[in-house]
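Listed here are the chains, written in short residue letters.
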Amino acid sequence: MRGIRLSMFMGLGTGLIVVGLIIALDLLAVDLAFVDDGALGAVLLVAGLLLLGLSLLYAPPHRRVMYVQSSRDDRTAR
């Protein structure tokens, strides 16, 4: 269950990075009277990088290793 939560944080972090870059680079004009667009984009970008970095740091090692299981039949074919 822990791996599912960490992958959700990775997705959320990636989403925040994308939205933060879109707002910070003025690709999408957001006109909020009480918030500066550049500051909002920077905050979202930093939050996304922090979430992504922490989720990669705390990812359990068994999620990063691939196991291969093989079986062998000892019977001889006739």
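Read on for a plain summary of the structure. (Residues numbered from 1 in each chain as written. Predicted model: local features only at pLDDT ≥ 70, side-chain atom pairs only at ≥ 80, totals over all residues. Heavy atoms only, no water.)

**Considerations on the overall build of the protein**
Stage number 1. Of regular secondary structure, the protein possesses two helices and zero strands.
Stage number 2. Counting the 78 residues in the protein, one finds 18% classified as buried.
Stage number 3. Contacts spanning at least 24 positions in sequence make up 70% of the contacts within the protein whose residues lie at least 6 apart.
Stage number 4. Total accessible area on the protein stands at roughly 6,600 Å², and carbon and sulfur atoms take up 66% of it. (Helix = DSSP H or I, 4+ residues; strand = E, 2+ residues; numbered from the N terminus. Buried < 20%, exposed > 50% of the residue type's maximum accessible area, 1.4 Å probe, protein only. Contact = heavy atoms within 4.5 Å. Areas by Shrake-Rupley, 256 points an atom, 1.4 Å probe, with all protein chains shown as cover.)

**Considering helix α2 (residues 37-57)**
Stage number 1. The end-to-end C-alpha separation of α2 is 30 Å, in line with the 30 Å expected for 21 residues at 1.5 Å each.
Stage number 2. Listed in full, the buried residues belonging to α2 are D37, G41, L44, G48 and S55. Take α2 and look down its axis: the buried residues cluster within an arc of 75 degrees, on one side only. Exposed residues pointing more than 90 degrees away from the buried face of α2 are listed as V43, V46, L50 and L57. (Expected span 1.5 Å × (residues − 1). Arc of directions from axis to C-beta.)

**A few points about unusual backbone geometry**
Stage number 1. Unusually for a residue other than glycine, D26 sits at a positive phi of about 55 degrees.
Stage number 2. On the secondary structure map, D26 appears in the loop between α1 (2-24) and α2.
Stage number 3. Here D26 falls in the exposed class, since its relative accessible area comes to 54%.

**Section: the environment of G38**
Stage number 1. Tracing the backbone shows G38 in helix α2.
Stage number 2. Taking the C-alpha atoms as reference points, G38 and L21, 17 residues apart in sequence, are found 9.4 Å from one another.

**Some points on the side chain of D37**
Stage number 1. In this structure, D37 sits in helix α2.
Stage number 2. Sequence-distant contacts of D37, defined by excluding residues within four places in its chain, comprise I23, D26 and V30.

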